[in-house]
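Coordinate inspection notes
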Amino acid sequence: MIGWHVSPCSCIFEVQEFKEVQFKPVGSARMEAVFFCHGMPGSKADATLLRKANPNVDIVAIDLLAYAPEDADVALANALHSKAIAADKGGVVLAGFSIGAMAAIKIAAKRPDIVSRLILISPAAPLSMGNFLPDMAGKPVFKLAKSHPKLLRLLTVFQGLMTRWSPERTAGALFRNCGAPERALFEDPDFQNGLNQAFVECFLRRPDAYLAFINAYVTDWSETIDLVQCPVELWHGTNDTWSPPEMSHALAKRFGEKATLRMVEQAEHYSTMNQVTL
């Protein structure tokens, strides 16, 4: 998984070495909605915090678990169809959270003709781009995916049993070491429900789809980054332990002048979404 945080006193600062990019407002004629790729474990409900931070934006959450990782562009095409938006018009704004950033990057790389802006929130960069794994809260899961996939499947079965017994206890086990702002999110019933839905979807209803994305993530997919043509905006909390902040720094460097990096001071994984402005 990949984590979260935000407090009313959090402040955002931009890393100046990357070029500031001006975007059309979401309300423009060519930008009917923002399409959102959720994390893993995750579900369409991951978009809850982003919707609360941007109440006037139509955010369409894509059900990634309904598709294989290599078919993420099909997921977007079907989401566009559901909103009656023609793909050939272009101007599609695509957001990816956590491991969902991998899906968003792959879609943008495969469909540069329609994706005009890419927003990556607490993104999980390819493990091949740095020595990130020792600092990741999800290190045990990713190490199993790389070296012992059968044991990872057994772990997922166990997480499914825990979730069937109590989704709340599953959440507590995964986030026991998070900071105060992240724990504060548990006071939000909508956020609690979103987490429960993520665990049920990934560990009980569709574990094979969840494992497919985890296994795809631990491969080297870094070359896909070089195929992205649109402007990229990265948002990352300085205290994120699920996706270390160094991941966004590495991605920004790889994207080059297309990238704008926005660091959210003291924020963690999920809580960073509270500060994202679409």
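Everything discussed here concerns the structure shown above.
Every chain is numbered on its own, with residues counted from 1 as its sequence reads. Totals for whole chains, interfaces and linings use all residues, but because this is a predicted model, local features are given only for residues with pLDDT of at least 70 and pairs of side-chain atoms are given and counted only at 80 or more. Each side-chain value is derived from all of the structure's non-hydrogen atoms; neither hydrogens nor water enter the calculation.

1. Description of the overall build of the protein chain
For the record, the criterion: Strands are runs of DSSP state E lasting at least 2 residues, helices are runs of H or I lasting at least 4, and numbering of each runs from the N terminus. Exposure is judged per residue with a 1.4 Å probe applied to protein chains only, and the accessible area is read against the type maximum: over 50% gives exposed, under 20% gives buried, and values in between give partly exposed. The criterion used for residue contact is that any of the two residues' heavy atoms lie within 4.5 Å. Residue-level accessible areas treat just the shown protein chains as cover; the underlying method is Shrake-Rupley with a 1.4 Å probe.
When helices and strands are counted, the protein chain shows ten helices and seven strands. The buried share of the protein chain, reckoned over its 278 residues, is 56%. The long-range share in the protein chain, meaning contacts at least 24 apart out of those at least 6 apart in sequence, stands at 81%. Total accessible area on the protein chain stands at roughly 11,800 Å², and carbon and sulfur atoms take up 52% of it.

2. A closer look at the side chain of Ser271
Spelled out, the test is: N or O atoms closer than or at 3.5 Å make up a polar contact, with two conditions inside protein: a donor-capable atom paired with an acceptor-capable one, and, for residues adjacent in sequence, both atoms drawn from side chains.
Positionally, Ser271 belongs in the segment after strand 7 (259-264). For Ser271, a relative accessible area of 0% gives the class buried. Polar contacts involving the side chain of Ser271 include one to the side chain of Glu182, which spans 2.7 Å.

3. Some points on the pairing of strand 2 (residues 34-37)
Heads up, the condition is: Orient the strands so they point away from the viewer, and a crossover whose first-strand-to-second-strand path over the helix runs clockwise is right-handed. Here, a strand pair is defined by DSSP locating no fewer than two bridges between the strands.
What you see with strand 2 is no split at all: Val34 and Phe36 on one side and Phe35 and Cys37 on the other are buried throughout. Each parallel crossover has a hand, and the one from strand 2 via helix 1 (residues 48-53) to strand 3 (residues 59-62) is right-handed. Inspection of the sheet shows strand 2 paired to strand 4 (residues 92-97) by four bridges, in the parallel sense. Its bridge partner being in strand 4, Val34 is matched across the sheet by Val93.

4. Quick look at the packing of helix 5 (residues 149-165) against helix 8 (residues 189-205)
Defined as follows: Between N-to-C directions, angles cover 0 to 180 degrees, with each direction set by a line fitted to C-alpha atoms, over the stretch in contact for helices. Relative orientations are named as follows: roughly parallel for angles under 35 degrees, roughly antiparallel for angles over 145 degrees, roughly perpendicular for angles from 65 to 115 degrees, and oblique for any other angle. The sense of a crossing depends on the near helix, which, turned anticlockwise from the far helix by less than a right angle, makes the crossing left-handed and, turned clockwise, makes it right-handed.
Contact geometry of helix 5 with helix 8 gives a least axis separation of 8 Å together with a crossing angle of 130°. The angle between helix 5 and helix 8 falls in the class oblique. With respect to the hand of their crossing, helix 5 and helix 8 are arranged in left-handed fashion. Touching Thr156, Gln159, Gly160, Thr163 and Arg164 of helix 5 are Phe199, Val200, Cys202, Phe203 and Leu204, all from helix 8.

5. Regarding the packing of aromatic side chains
Each pair of aromatic rings is reported with the distance of its centres and the angle of its planes. Stated formally: The criterion for an aromatic pair is that two Phe, Tyr or Trp rings (for Trp, the six-membered ring) have centres within 6.5 Å, with stacked assigned to planes under 30 degrees apart, edge-to-face to planes over 60 apart and tilted to the rest.
For the coordinates displayed, the defined rule picks out six aromatic pairs. Note on Phe97 and Tyr270: the rings are 5.0 Å apart at their centroids and 50° apart in plane angle, and the pair reads as tilted. Pair noted here: Phe97 is in strand 4 and Tyr270 is in the segment after strand 7, with a separation of 173 residues, a long-range link. Since its relative accessible area comes to 2%, Tyr270 is described here as buried. Ring geometry for Phe199 versus Phe203: centroids 5.8 Å apart, planes at 10°, classification stacked. Placement of the pair is Phe199 and Phe203 together in helix 8, with a separation of four residues, close to one helical turn. Overall, the relative accessible area of 4% leaves Phe203 in the buried class. Three or more aromatic residues joined by ring pairs make a cluster, and in this case those are Phe97, Phe191 and Tyr270.

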